[in-house]
Structure formats: C-alpha cells, structure tokens
Amino acid sequence: MKIPELDHRTEADLMHRILSLAGSYTPEWKPNPDDPDVGMALAKLFAGMHCGTVQRLNRTAEKYHTAFCNFLGAGLMPSEPASGFVKFGLSTDQLENGVLVPAGTVLEADTESGTAVFTTQDDVLVSNAKPSVIVVTDGSHIRQAYNAETDGDTPDFILFGGQETDLNCHEVFIGCGTGLLNLIGESMVRLRLAGAAAMERAWLDKQLSISYSTESGWEEFDNCLAEDDNTLRMTKRQSEPPAAPHTIGEQHCIWIRIQLETVQDAVSQRTDGISMMVSGNDVPPDVILTKNGTSDDGTFYPFDEQPELFDAVYIASDEALSKAGAEVTLQFTVSYAPLPEMPHKEKPVHGWKMVIRKSDVSIETPEIVTISSVAWEYFNGTGWKLLPCAPEMRYVFNPIEGSQTYTMTFICPEDVAPVIVEAEERRFIRARITKMEQSWQLNSVYRAPLMSHISIRYQCGSFVPADAVITHNQMQSFQYSGTDSFMMFYPMPDAEPVWYIGFSGKMQEGPYRMLIAIGQQSDTKMPALRWEYYDGSHWKPLSCYDETGQLAHTGFLTIAGAADLVPQPLFGKTLSWIRAVDVNAEYASPLQSRPHIERMDMNAVSIRNQQEMQPEYFSLSEETPFFSVKLSCGNISDVTVWVNECGLHGSGDVQEMLSSGIASAEYDNLGVLREFWVKYTSVESFAASRPEDRHYMIDRCEGVITFGDGRCGKIPCAGEGDRIRVCYSTGGGAFGNVPPGAVVRSQRALGLVTKIENPMPLYGGNDMELADAALRRTATEFRNGGLCVTARDYEDAACSIDRSILKVRCCTGCDAEGRQEAGSVTVLILRSDLTQESSGFFQTQAKLREELQKRRAASLSSGRLYVIHPKYIRICVNVRISTSDMSRMYRIKENVRQRIAEFIDPITGNFDGNGWRIGELPHRQQIENVVRSVSGVSYIEELVMRGFLLDTQDELDLDHIPAADFCIAVSGEHQVQTNVSV
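Numbers given to residues run from 1 along each chain, matching the order in which its sequence is written. The predicted origin of the model limits local features to residues at a pLDDT of at least 70 and limits the giving and counting of side-chain atom pairs to 80 or more, whereas totals for whole chains, interfaces and linings rest on all residues. To get the side-chain values, take all heavy atoms of the structure and skip hydrogens and water.

## Comments concerning the pairing of strand E36 (residues 476-480)
Alright, step 1. As defined by bridge partners, strand E35 (residues 468-473) adjoins E36 across five bridges and the pair is classed as antiparallel. Bridge pairing in E36 links Asn473 to Gln476.
Alright, step 2. Taking the residues between adjacent antiparallel strands as the criterion, E35 and E36 are bridged by two residues, where Gln474 takes a positive phi near 55°. The pairing criterion for strands is at least two bridges between them, as found by DSSP. Only DSSP runs of H or I with at least four residues qualify as helices, and only runs of E with at least two residues qualify as strands; both kinds are numbered from the N terminus onward.

Printed below as a string of structure tokens:
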C-alpha cells in the first residue's frame, strides 16, 4: 500500500500563497514574476526551503515504518548465488582410469557484467565412459531410444513412451555360398530343421514368414507347406525375381530368411542343424550360343546350316550348373530339315572329243554330309572337360527321319566354373562336333540338325547342410554352421519394462557421475527401479546412488564401478551395459506418467556462483557481550564459524564432541591438544537463545558476525592467539544466471581435462534485496505472523522465499490438476527462466514446499500442499488486415506481428506492460484492439486465435479450457496477411 502524503503542496503552490499574502502585509510591494526583484528572489528562496520541509514531513510515515521494521529485526536479504551443472571431458580417448577434478575447483564464465566465478561442489572422476546406446524393453518390444552415432551428443526421449520403432525381431538367416540357392526360374526348396518338431504348428498358425534374398531386398516364397514335423517346402515361381547374394555379418551368400512375425508370442525353438534340398523344373537356358551368335528362336541350327568339324553349341544355365552333385537333366528335341533338291552334275570325261557317245558321259550324285558324333563338355576353370553323361548322347545329332526328343541326365560336377563365351560369362555346357561323314567331298549337301524345346531340370540327391546360419533375436546376432545345435527363437527374458544403457569404454574403477535432466518434473512417487550391470552371462546388482528420485526430477546417478563391468555384446553392440528394471512393472500401465529424459551427461558436477575465501582468524582478549567481527568481504553465501575452546573441556567431552562432528582438534608433535575448535550455529536473532547456546548472527550483506551476551547466546571464550575462525565463501547475483555453454574454462590447469561446459542454463541467482522489497516483506511477515492462512499469505510467502519468482497464484480447495480436493492448496509459480523448468524448477519446488509447509496454519493442514508451474498455452494468431499505405505494407505486417507477440508476453505484455496474471489469458477482442492500434492498419478482415499446450502440442478450445486458472499464455508463431484497401 502506498503511504499517504501529509501535505500535498508543491513549490508552485507555496509561491502562489506567498504572493497572495504579500498584498495584505506589504501593499507597497508589487511583485512581477516577469521582472523579478529582490523581494521575488527572497520569496522563491523561502518557497524552495519550505518545499523541502514539506517533502521531509511527507516521508515521516515512511521513516517510522522503516524504523519499526528495523526494530523488528528487518534487514536486506543478500544476493543469492546461481547454481547449476557443468560437465568435463578429456583431451584423449586412450586414458582408461580417468582424472579426478576435486571439489572447490574454480571455473569461469564471461558475462556482460564481467567474469563470473563458479565453484564445483563435489569431486568428480572424469573418464571417457559415456552413454553410447540406450534401449528400452517392455517384455515384447525392443526400442532403441538413443544411438550416439546418429542422434547427437546427448539422449532426448520419453522413457517407455513407445515412440521409437520396435526393433524386436526373431530371424534365422540360412546361407549357401556354393550356388545351391542360386534360384532363377521355377524351383522348389526343402528345408529340414532337425529336432524342430514345432515348425509345422508354427507355420500352420501363420507365425512364420520365409523369403529369399534378391537384388532389391527380400522376396517371400509363393507357397510354403510343412511336409512333416521338421521339413518345410517352399516354391519359387518363374515370375518371381531371381535370388541374389547379400552380405550379412561377414558372410556373402544367397540367403533364406525365416522370420517370426508375431514376436510377442515368441517361444523357445531349438534345432539340431539345418540342411536343404533344391530342385527345379522346366528351367529355360539362360542363353544359347551358336556359330552365328545368340539364338532366341524356339527352333534353331545349333551348328549352322553347314556345320564343320569342331563347331559347338553352348547352353548356359547358372541355376542348374551351380549345384554341384545335383542330378541335372537336359531335354531337347532334334529334327532335320528336308534335304534340298539334289543338283546333278556331269562327271568330267577322260579323252573328251567333239563327238562322243552318250554312254561315255556319267552324272555325278552329291554326297550327304552328316554329323557322326559330338562331345558334351563343361568348363572346369582351366579347360573343357567331358561331361559325365551316357555314351549314347554322343550320337544324338545322327540323321534321323522326323524328330526325336532326347533326355540327357548327368551329375553336376563340383568344378563347373563360369567362362566367357561371346561376351557372356556364365556356366556353360557344350556339344562339340568330333566326327563328320562325307565332309571331305566337294560335291556334297549338308544335312544340318535342328534343336528345339530345350529345357532343364535338376534335383539334389540329398539334404545338404547350410554353409552359414545367422540368428537374430532381441537385436543380438549369433553365427553357426548348418550342423550346429542352436536356439533359433527365444522369448525375451524380462517380462517387466527394462531400461538398458550401454557405455563406451570400461567402468571398473568409479565412481562415475551422470547427470540426468528430467523435463516436466514430478513431485509424486515414481516406480521403483532396480539397477544392475551385465558381466557377460548374468545381471548382477549395481552399487549406485540415485539422486533423481527414481527419475522424478533432475539429478545425478552415481555409479560405483565393478571389476567385471567391461564391454560385453548385447543388442548387437559390445559396450559396458547397465540396466534399470521396473520392479513392479508399473510402467506397463498406460496411466503411469513417463519421465521425459532431456539429456544425460557423464562427468557432471554441481556448481555455484561463489568463491571459497581463505579462512579468517580473530582474537578475543576478554569476554565481551555482543562481540562482533567484520570479514574482509561482504555478500556472504556460505559461512562456518569456529571458536577455540581449548582447555575448557575434559577428555571425555572432547572425544564426544569430535565424534559428533561439531568440533575439530589440532595436536602438536607430542600429541598434546593445542587447539580445539567448536562449531557455532547461525540464528536469526538471540531472542530464543539460552546462555549455553553457541549461536551467532550474521549480516551477510556487510559480512558482520555478532555473538551473544552470555544471557542470550554464549560469549566466545577469550584467550591468547586466534580464538575465532571463519570459513566462508562469497558471491552471488543475477549475472550468474548464464546460458548453456558459458562456463568454459578453469582458473587452473586440470591436466588432461580440457573440455568444460555447462549443458544447461544456470538458475537461482538474485541480486541483493532492495529496501522497498525488504520493507514490504517485513510488513507482510508482521501482518500474518509468519503463518500462511489466506491465499495472499501463500503468494507473499512464496515471493519472499525465492526471489526468482516473478508471478505466483494460490488456488485453494484443489489439487495439482485442478480437481476439487478439500483442504488442499496449490501454489502456481512463474520463475524468471519461464518455460525452462527442467533445470531449476525442482530445487525451487522443493524449497517452497518445505518452507510453506512450515508456515502452514495447523487448522489448514488437512489437505496436501502442491507447488507447480502453470500450464503454458502457446497462442498463435492468424490475421488478415487491410491497409491503404502500399509503400509500408511489409513494415506494417512486421509491426503487427511484433505488437501481438509483445502483447501476449506473460511478463511484459498486456496493455499496462505488467504482463498477465496466472489464470488470465488474452481474448480475441483484446488482440483485435492491439492490431487496430498499429499505425497503417485500416481494418481487420479476419482474425483467428489458436491455442496449443506447450508440452504436448495438443490444440485447445480457447473458450473452454479445463483448469484455466492454472494456465498462462506464451507467444507462438503469428501469421499476418495484408491487402490493399481502395
């Protein structure tokens, strides 16, 4: 409340009064303000002096108010140091044991006000271990929440939120590098899984998907049947793409993939080995090469129309000829074209005359050239070798009448190799002419064979073990041979939700400190987590200290190393693995809130904007009531006061006080007690202090420490030498609230520790309290007696407890969600860092809850006390305006957008510049008035307001917002369109 003025007169009022009275007392004086004389100067001098007296009179009430507050013991609250976190890093990745950064290490940051000094609060062992992979499971799903190789420097995910792709798959890859699975045309594959008696049931239940590798990926077999308990038969159609090799692991093969589609129902499935058998029917040749090149016709001359000795026809089939040991059947039809009309040629006559007898002239008949035999051959890598086929196949091209179909069967040699023929590199067999009849005759006619209806089929004689088998379960891969006994599928070992963290490097020494930043921190009890580590075969209890309240708020996880906590393969990564098990499976419930982990930083430690000063010593020659000492520095943040009481206590008392931690002793070389320092306790006043209480009062702003008078507080004992020791630190102020990345260096070299960074903004720094604020605070405390009864009491108390609070609102009779709850009180606070709640809100929340609970009136303690931050609603405005000033259209549009953003600002917005109260949201009419106030706007054609929850991005109906008293608006993105009005 503003103190009323006792006298409202100003210097002008006093001057007017003097001039009005002058006519009555000195009628001969004619004052003229425009032409002042000596009398006018005297009048102005008197009016000015009297105005000063009036002003001092008006401040009398304020003086008495200040004196009264001083009588109550009021004082200015000192500046408060900012606090936060910093992380360290090493300059080399080769160091295994780490480097210790001790508590009290001084760090620096450059600010606009100069260099800010920060001090580490704890020891930290800086190592190269850091989170590399984070995996979460819930009994049936596996999701990778973070991978350092692709997701940046730090994780950011919702634990057990389920946003990530499910990586849980059960697959068996069966590979063959010998060509057995070189499937091109229509073929059939039989898989025998020894001992896997459940395969038929699994397939009939549609749980399996079987496919083969192609150039474009995986192609599912057209038809799959279970022939018996452990044999599957798959068919590949001619129209389906050919098989192609893939590289899986380190194996380059053609693969068959067996995939369990319903991973949630995975059961243990073991096999004693995997073998296969393939067959193919009506496989067309890949290419046929003749003397005249490639033949694409169904019927062709294999050796041309005039065959010659050693001519050959080449028939390629990579599919059939790549299966060593298989029975290959080549079927074809041979026919002969009709002989042309025989040309008759007169045979030369010996002794020819002009006239000879007809009987002396003979007609010569042409001879028919035919193929007597051929050799069937294959290429073995170095040369052509005879094909092991039936001997009669040498005569298949002997002349016949009509046509005849031949079937040639042979066992595919193991050494069939590709060869280049006519620029085609394939596996060929060939028929080469080795003998011809009448080929030497000059008068001859060729009887050339025709080939047609060529087809190939093949059949493996027995099941062949797979060359390589790779299983993929739960992101883990294992490699076997086709004769090994192994587990194909197996269910997840954990039914409850589990959080896995894989660290790079070893974690044997310890302790390792990891900062876990939680967004939207909760004050409710979170599910219990059991921490364990993996030694390669078992999960063992992990010794660690969790300061996050089971992931309820930002804090440290301190991990004690273990001798066998070394990199182990898990989820496809060889890392040092730890995990947190949801003991009671509470995260399995969709109603359970899930923490948002915004970041995880190794080698982190708390820091404060303060500097440790050298201890100061004071002497006391005689016991003096209310003895006081003044420290070298003011602005005290932390202080510890010790008094030397050597010689005043017996040995039993000395040992008891030493064991309780309230005293420390110093001995000489002979073991004689030289100094016995006893700790004193700070109090606000000596009113409740007894004569024997070791109490002191401190003025933190000035650095003055005062002791009692013997009746209210003990007087320090006098003596020779140092009697009082003060250990303290100084610092604080709003300039310590630096942004992320500002703290980057140390005052002294830290060896191999060269990387220093604060990952989050620092918070909580406040300057020294102003006198007006101190008077208001004292008056408020006097008014309510230090108790919180009304809603205003809670609001005033919150602002006095934490000066970083800008706005506060108290809602009674409701819980943190706005639901009615008798006797409960909810305090909503808006801090100076606004929506950056994850960094410092929990500390403010805990401090307020503790202090407000102490001040809460006993009659109002039936319900709970909630301290929360408002729900932030992002207001987005889309407006279309009309303007007649074409030259300023762009500037008008930007001015409208800027003015809307400034108006919505919760701290400096609104019409009066004081922002918005919690629970008060700008409405449409106010936004329209703001837009109209911008110079150049003729009128508003259309205006649309939309609101979104800042944390979930859900759109809200601004006219019907649930728990609107808990909301406050922040500016979003605004769209402004301009039209030209005529």
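## Looking at the sheet that holds strand E46 (residues 596-602)
Alright, step 1. One open sheet holds the five strands; their spatial order is E8-E46-E39-E43-E42, and the pairing between them is antiparallel. The sheet terminates laterally at strand E8 (157-158) and strand E42 (544-546), the two strands that pair on one side only.
Alright, step 2. By the bridge criterion, three bridges tie E42 to strand E43 (residues 555-559) in an arrangement that is antiparallel. Looking at E43, one finds that Tyr545 is bridged to Thr558.

## Some words on helix H10 (residues 889-904)
Alright, step 1. Taking 1.5 Å of rise per residue, 16 residues should cover 22 Å, and H10 covers 23 Å from first to last C-alpha, within 8% of that figure.
Alright, step 2. Summary of the burial criterion: residues with accessible area below 20% of their type's maximum are buried, those above 50% are exposed, and those between are partly exposed, where the area comes from a 1.4 Å probe applied to protein chains only. Every buried residue of H10 is accounted for by Ile892, Val896, Ile900, Phe903 and Ile904. Around the axis of H10, the buried residues are gathered within 95° of arc, so they sit on the same side. More than 90 degrees from the buried face of H10, the exposed residues found are Tyr890 and Arg891. Given the number of residues in a helix, its expected span is that number minus one, multiplied by 1.5 Å. The arc in question is traced by the directions running from the helix axis to the C-beta atoms.

## Digging into a nonpolar patch on the surface
Alright, step 1. What makes a patch is a set of residues exposed beyond 30% relative accessible area and free of salt bridges, joined within 9 Å when like-charged and within 5 Å when nonpolar (Val, Leu, Ile, Met, Phe, Trp, Tyr). Accessible surface area values rest on a Shrake-Rupley calculation with a 1.4 Å probe, where residue burial reflects the displayed protein chains alone. Whenever Lys or Arg places a side-chain nitrogen within 4 Å of a carboxyl oxygen from Asp or Glu, that contact is recorded as a salt bridge. The grouping of Leu42, Leu45 and Met49 at the surface amounts to a nonpolar patch, some 350 Å² of accessible area in total.
Alright, step 2. Relative to the assigned elements, Met49 resides in helix H2 (residues 38-58).
Alright, step 3. For Met49, a relative accessible area of 56% puts it in the exposed group.

## Things to note about the packing of aromatic side chains
When we look at a pair of aromatic rings, we describe it by the centre distance and by the angle of the planes.
Alright, step 1. We call Phe, Tyr and Trp rings a pair once their centres come within 6.5 Å, taking the six-membered ring for Trp, and we label the pair stacked below 30 degrees between planes, edge-to-face above 60, and tilted otherwise. Under the definition given, this model contains 25 aromatic pairs.
Alright, step 2. Considering the side-chain rings of Tyr314 and Trp384, the 5.7 Å spacing of their centres and the 65° angle between planes classify their relative orientation as edge-to-face. You can see Tyr314 sitting in strand E22 (residues 312-316) and its partner Trp384 sitting in strand E27 (residues 384-386), a full 70 residues away along the chain.
Alright, step 3. For Tyr314, a relative accessible area of 16% corresponds to the buried category.
Alright, step 4. An aromatic cluster is built from Phe303, Phe332, Trp376, Phe397 and Tyr406, whose rings are joined through pairwise contacts.
Alright, step 5. Just above the ring of Phe556 sits the side chain of Arg513; from NZ or CZ to the centre is 4.1 Å.
Alright, step 6. Here, over-ring charges are defined by two tests on the NZ atom of lysine or the CZ atom of arginine: distance to the ring centre within 6 Å, and angle to the ring normal within 35 degrees. Across from the ring centre of Trp677, 4.8 Å away, lies the NZ or CZ of Arg725, which sits over that ring.

## What to know about the state of the cysteines
Alright, step 1. Note on terminology: pairs of cysteine sulfur atoms within 2.5 Å are recorded as disulfides. According to the stated counting rule, one finds zero disulfides in the structure shown.
Alright, step 2. With no disulfide partner, Cys253 has as its closest neighbouring cysteine sulfur the one in Cys176, 7.2 Å distant.
Alright, step 3. Residue classification places Cys253 among the buried residues on the basis of a relative accessible area of 4%.

## So, the pairing of strand E59 (residues 805-814)
On a regular strand, one side chain projects to one face of the sheet and the next to the other, so that they alternate.
Alright, step 1. With respect to burial, E59 is a largely interior element, seven of its ten residues being buried.
Alright, step 2. In terms of strand pairing, E59 meets strand E60 (residues 820-831) through eight bridges, oriented antiparallel. Among the inter-strand pairings, Cys810 is bridged to a residue of E60, identified as Val827.
Alright, step 3. Here E59 folds back onto E60, and the loop between the two strands holds five residues, one of which, Gly818, carries a positive phi near 90°.

## Comments concerning the environment of Gly561
Alright, step 1. Along the chain, Gly561 turns up in the loop between E43 and strand E44 (568-570).
Alright, step 2. Gly561 sits in the partly exposed class, given a relative accessible area of 26%.
Alright, step 3. Separated by 28 residues in the primary sequence, Gly561 and Tyr533 place their C-alpha atoms 9.7 Å from one another.
Alright, step 4. When residues no more than four places from it in sequence are discounted, the contact partners of Gly561 are Met507, Gln508, Glu509, Gly510 and Tyr512. In this description, contact between two residues means that some pair of their heavy atoms is separated by no more than 4.5 Å.

## Overview of the side chain of Gln610
Alright, step 1. By the secondary structure assignment, Gln610 is in the loop between strand E47 (604-608) and strand E48 (611-612).
Alright, step 2. Setting aside residues no more than four positions away along its own chain, Gln610 makes contact with Pro81, Val117, Phe118, Thr119, Gln121, Ser637, Asp638, Ser729, Thr730 and Gly731.

## Considering the sheet that holds E60
Alright, step 1. An order of E59-E60-E61 is seen for the three strands of this open sheet, with the pairing classed as mixed. Among the strands making up the open sheet, the edge pair consists of E59 and strand E61 (865-868). For this sheet the average axis-to-axis angle between neighbouring strands, irrespective of direction, equals 15°.
Alright, step 2. In this sheet, E61 lies alongside E60 in parallel orientation, the contact comprising four bridges. Pairing of Val827 across the sheet is with Val867, part of E61.
Alright, step 3. Each axis is a line fitted through C-alpha atoms, taken for helices only over the stretch in contact, and angles between the N-to-C directions span 0 to 180 degrees. Where helix H8 (residues 791-801) meets the sheet, its contacts fall on E59, E60 and E61, and the angle it forms with E59 comes to roughly 145°.

## Observations regarding the packing of helix H7 (residues 771-784) against H8
Alright, step 1. Where H7 meets H8, the axes come as close as 11 Å, and the angle between the chain directions of the two elements is 140°. Considered as vectors, H7 and H8 are oriented oblique to each other. Here H7 and H8 pass one another in a crossing that is left-handed. Across from Arg777, Thr780, Arg783 and Asn784 in H7, the residues of H8 making contact are Arg792, Asp793, Asp796 and Ser800.
Alright, step 2. Broken down by class, the residue content of the contact of H7 with H8 amounts to no nonpolar, three polar and five charged. Relative orientations are named as follows: roughly parallel for angles under 35 degrees, roughly antiparallel for angles over 145 degrees, roughly perpendicular for angles from 65 to 115 degrees, and oblique for any other angle. Less than a right angle of anticlockwise turn of the near helix away from the far helix marks a crossing as left-handed, whereas a clockwise turn marks it as right-handed. Only Asp, Glu, Lys and Arg are considered charged in this grouping, and only Ala, Val, Leu, Ile, Met, Phe, Trp, Tyr, Cys and Pro are considered nonpolar; every other residue, Gly among them, is considered polar.

## Considering the side chain of Asn473
Alright, step 1. Tracing the chain through its elements places Asn473 in strand E35.
Alright, step 2. A 3.5 Å cut-off defines polar contacts: any pair of N or O atoms within that distance qualifies, except that in protein one atom must be a possible hydrogen donor and the other a possible acceptor, and neighbouring residues in sequence count only when both atoms are side-chain atoms. A polar contact of 2.5 Å, which involves the side chain of Asn473, links it to the side chain of His170.
Alright, step 3. Beyond its immediate stretch of four places on either side in the chain, Asn473 contacts Cys169, His170, Met488, Phe489 and Tyr490.

## Describing the environment of Pro567
Alright, step 1. Tracing the backbone shows Pro567 in the loop between E43 and E44.
Alright, step 2. In the structure, Pro567 is positioned 111 residues away from Ile456 in sequence and 54 Å away in space, judged by C-alpha atoms.

## Details of the pattern of salt bridges
Alright, step 1. For the coordinates displayed, the defined rule picks out 44 salt bridges.
Alright, step 2. Of the charged contacts, one joins Arg579 and Glu532 as a salt bridge, the two residues approaching to 2.7 Å between their closest N and O atoms. With Arg579 in strand E45 (residues 573-582) and Glu532 in strand E40 (residues 529-534), this residue pair connects regions lying 47 residues apart in the sequence.
Alright, step 3. Put simply, Glu645 and Arg694 hold a salt bridge, and the shortest N to O gap is 3.0 Å. Taken as a pair, Glu645 in the loop between strand E51 (636-644) and helix H6 (651-660) and Arg694 in the loop between strand E53 (673-682) and strand E54 (695-699) lie far apart in primary sequence, 49 residues in all.
Alright, step 4. One network of salt bridges, with partners in common, ties together Asp286, Asp318, Glu424, Arg426 and Arg427.

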